[in-house]
Amino acid sequence: MSTRRFMQLDVFAPAPGAGNPLAAMFDADGLDAARMQAFAAWTNLSETIFFLAPTTPEADYRIRIFTPRMELPFAGHPSVGAAWAAVHAGLARPRAGRLVQECAAGLLPVRADQVGDGLQPAVRSPRAEMRKVAPPDWLLAEEVFGARRGPLQPALWNNGPDWWLLELADAAAVRGLQPDLDAIAALPGKGKLAVFATGDEGFDLVVRGFAPGVGIPEDPATGSVNASIATALHRAGRLPGRNGRYLASQGREVGRDARLQLEVDGDGEVWVGGPVHAVIQGTVDW
């Protein structure tokens with residue numbers, strides 16, 4: 001067997017044990033996609049990243065991202081966690097506070113901000129676009145799973161992964177939602193639905209993400225979907241917070257209490273970031 005460095009991180013986490021866990025395997029050159037997929041299934045986390053040698057001098061590091069079932073071109077919490085891990089492990093050194101990540105979605109700029117004594121990365125999401133897919137009738141009803149809809153029209157958005165976005169009337173509706181996971185799993189776009197509303201308790205937005213179509217009943221913190229929500233609200237002229245920045249809450253309902261920091265810059269690009277904590281560091285034989 002080959003021994004490789006390994007980390008498990010909590011991303012968008014105010015403290016260890018919060019946020020969304022992420023597995024990271026270093027020195028993964030030589031592993032084929034099937035072996036990466038098998039390892040991602042074994043970790044049983046929503047995503048696992050594999051560090052590989054970059055294919056272009058423009059990139060500081062390269063990753064591949066896998067769920068337990070498939071590879072993703074982009075995902076938010078793996079990208080934020082990858083930036084933190086690359087610096088921590090000595091694979092990359094920020095230049096003027098910036099890094100460039102290579103992944104299947106292309107070359108993505110990363111801000112490597114110092115917050116207090118720690119690194120707090122933020123990745124620029126690929127641009128989200130609305131797909132021309134008609135919502136099913138149940139998503140267009142005045143109430144969905146017993147909760148009143150908000151004003152934004154339900155739609156399928158993509159910035160790497162597909163997510164249906166559904167605005168609900170208020171934070172209480174989001175936090176108390178009891179969704180029909182079978183109905184969500186049958187949605188076009190691999191069966192994923194994010195619900196959101198204006199925030200509570202100091203948060204500008206509350207979000208929940210259900211992805212039973214890819215084997216994740218509820219994701220603790222989803223950078224890609226939060227970036228798509230930011231794009232949708234920005235285009236509707238309803239961006240929360242101040243000066244293009246806001247704080248989103250996700251994962252409390254599954255005991256993870258994640259904090260995601262969103263920013264829409266002057267060019268309309270969405271940045272998503274937050275704190276990261278290493279929980280496990282060691283080696284793995286695979």
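Residues numbered from 1 in each chain as written. Predicted model: local features only at pLDDT ≥ 70, side-chain atom pairs only at ≥ 80, totals over all residues. Heavy atoms only, no water.

A. Examining the overall build of the protein chain more closely. Helix and strand counts for the protein chain stand at six helices and 20 strands. Scaling as 2.2 N^0.38, a compact globule of 286 residues should have a C-alpha radius of gyration of about 19 Å, and the protein chain matches this with 18 Å. Structurally, the protein chain occupies a C-alpha span of about 55 × 40 × 35 Å along its principal axes. Residues counted as buried form 55% of the 286 residues belonging to the protein chain. Counting contacts in the protein chain only where the partners sit at least 6 residues apart, residues at least 24 apart contribute 62% of the total. Per element, the accessible surface of the protein chain, about 11800 Å² overall, is 48% carbon and sulfur. (Helix = DSSP H or I, 4+ residues; strand = E, 2+ residues; numbered from the N terminus. Rg over C-alpha atoms; globule rule 2.2 N^0.38 Å. Buried < 20%, exposed > 50% of the residue type's maximum accessible area, 1.4 Å probe, protein only. Contact = heavy atoms within 4.5 Å. Areas by Shrake-Rupley, 256 points an atom, 1.4 Å probe, with all protein chains shown as cover.)

B. Spotlight on unusual backbone geometry. Phi is positive for Phe 12, close to 60°, though the residue is something other than glycine. With respect to the secondary-structure elements, Phe 12 resides in the loop between β1 (3–11) and β2 (20–25). One non-glycine residue, Asp 27, lies in the positive phi region at around 55°. Mapped onto the elements of the fold, Asp 27 is located in the loop between β2 and α1 (33–43). On the accessibility criterion, Asp 27 (38% relative accessible area) is partly exposed.

C. Structural view of the pattern of salt bridges. Tallying each qualifying case throughout the model produces 18 salt bridges. One continuous salt-bridge network, built from bridges that share partners, spans Arg 175, Asp 200, Arg 208, Glu 218 and Glu 253. (Salt bridge = Lys/Arg side-chain N within 4 Å of Asp/Glu carboxyl O.)

D. Representation of the nonpolar core in the model. In terms of nonpolar packing, the biggest core is built from 58 residues, with Phe 51, Tyr 61 and Leu 165 touching the most fellow members. Contact partners of Leu 165, with chain neighbours within four places excluded, come to Gln 153, Pro 154, Ala 155, Trp 157, Ala 194, Phe 196, Val 225, Ser 228, Ile 229 and Ala 232. Core analysis: the second largest hydrophobic core is formed by 18 residues, Leu 166, Leu 168, Val 174 and Phe 210 among them. (Core = buried A, V, L, I, M, F, W, Y, C linked by side-chain atoms within 4.5 Å.)

E. Representation of the packing of aromatic side chains in the model. Inspection of every chain in the model, using the stated rule, returns nine aromatic pairs. Judged by centre distance (5.0 Å) and plane angle (70°), the rings of Phe 39 and Trp 286 are edge-to-face. Of this pair, Phe 39 sits in helix α1 while Trp 286 sits in the segment after β20 (276–285), and the two are 247 residues apart along the sequence. Overall, the relative accessible area of 27% leaves Trp 286 in the partly exposed class. Arranged with centres 5.2 Å apart and planes meeting at 40°, the rings of Trp 138 and Phe 145 form a pair that is tilted. Accessibility expressed as a relative area gives 24% for Phe 145, which makes it partly exposed. (Phe/Tyr/Trp six-rings, centres within 6.5 Å; stacked < 30°, edge-to-face > 60°.)

F. Geometry of the layout of surface pockets. In this structure, the largest pocket occupies an estimated 200 Å³ of space. Along its surface, the largest pocket is lined by 14 residues, and Asn 44, Leu 45, Ser 46, Gly 215 and Ile 216 are the ones closest to its centre. Where the lining of the largest pocket is concerned, the elements lending two or more residues are β2 and β16 (216–219). Residue contributions to the lining of the largest pocket peak at four residues, all from β16. In the lining of the largest pocket, the residues fall into seven nonpolar, four polar and three charged. Roughly 170 Å³ of volume is contained in the second largest pocket. (1 Å grid on protein atoms, 1.4 Å probe; cavity = no way out; pocket = protein on both sides within 12 Å on 5 of 7 lines; lining within 4 Å. Points joined across faces, edges and corners; volume = space filled by probe spheres on them. Nonpolar A, V, L, I, M, F, W, Y, C, P; charged D, E, K, R; others polar.)

G. The pairing of strand β7 (residues 106–115), seen in detail. Pairing geometry for strand β6 (residues 98–103) and β7, over six bridges, is antiparallel. Bridge pairing in β7 links Cys 103 to Gly 106. The turn linking β6 back onto β7 is made up of two residues. Hairpin connection, β7 to strand β8 (residues 118–124): the antiparallel pair is bridged by two residues, and Gly 116 has positive phi, about 65°. (Pairing = 2+ DSSP bridges.)

H. Spatial organisation of empty space enclosed by the protein. Going through the model one piece at a time under the given rule, you end up with one cavity of 30 Å³ or more. One number sums up the size of the largest cavity: a volume of about 160 Å³. Surrounding the largest cavity, 19 residues form its lining, Glu 47, Leu 72, Trp 163, Lys 192 and Thr 222 being those nearest its centre. Elements represented by at least two residues in the lining of the largest cavity include exactly α2 (76–88), β16 and α6 (223–235). By residue number, the principal contributor to the lining of the largest cavity is α2, which donates three residues. Residues that form the lining of the largest cavity fall into these classes: 10 nonpolar, six polar and three charged.

Geometry only, nothing functional implied.
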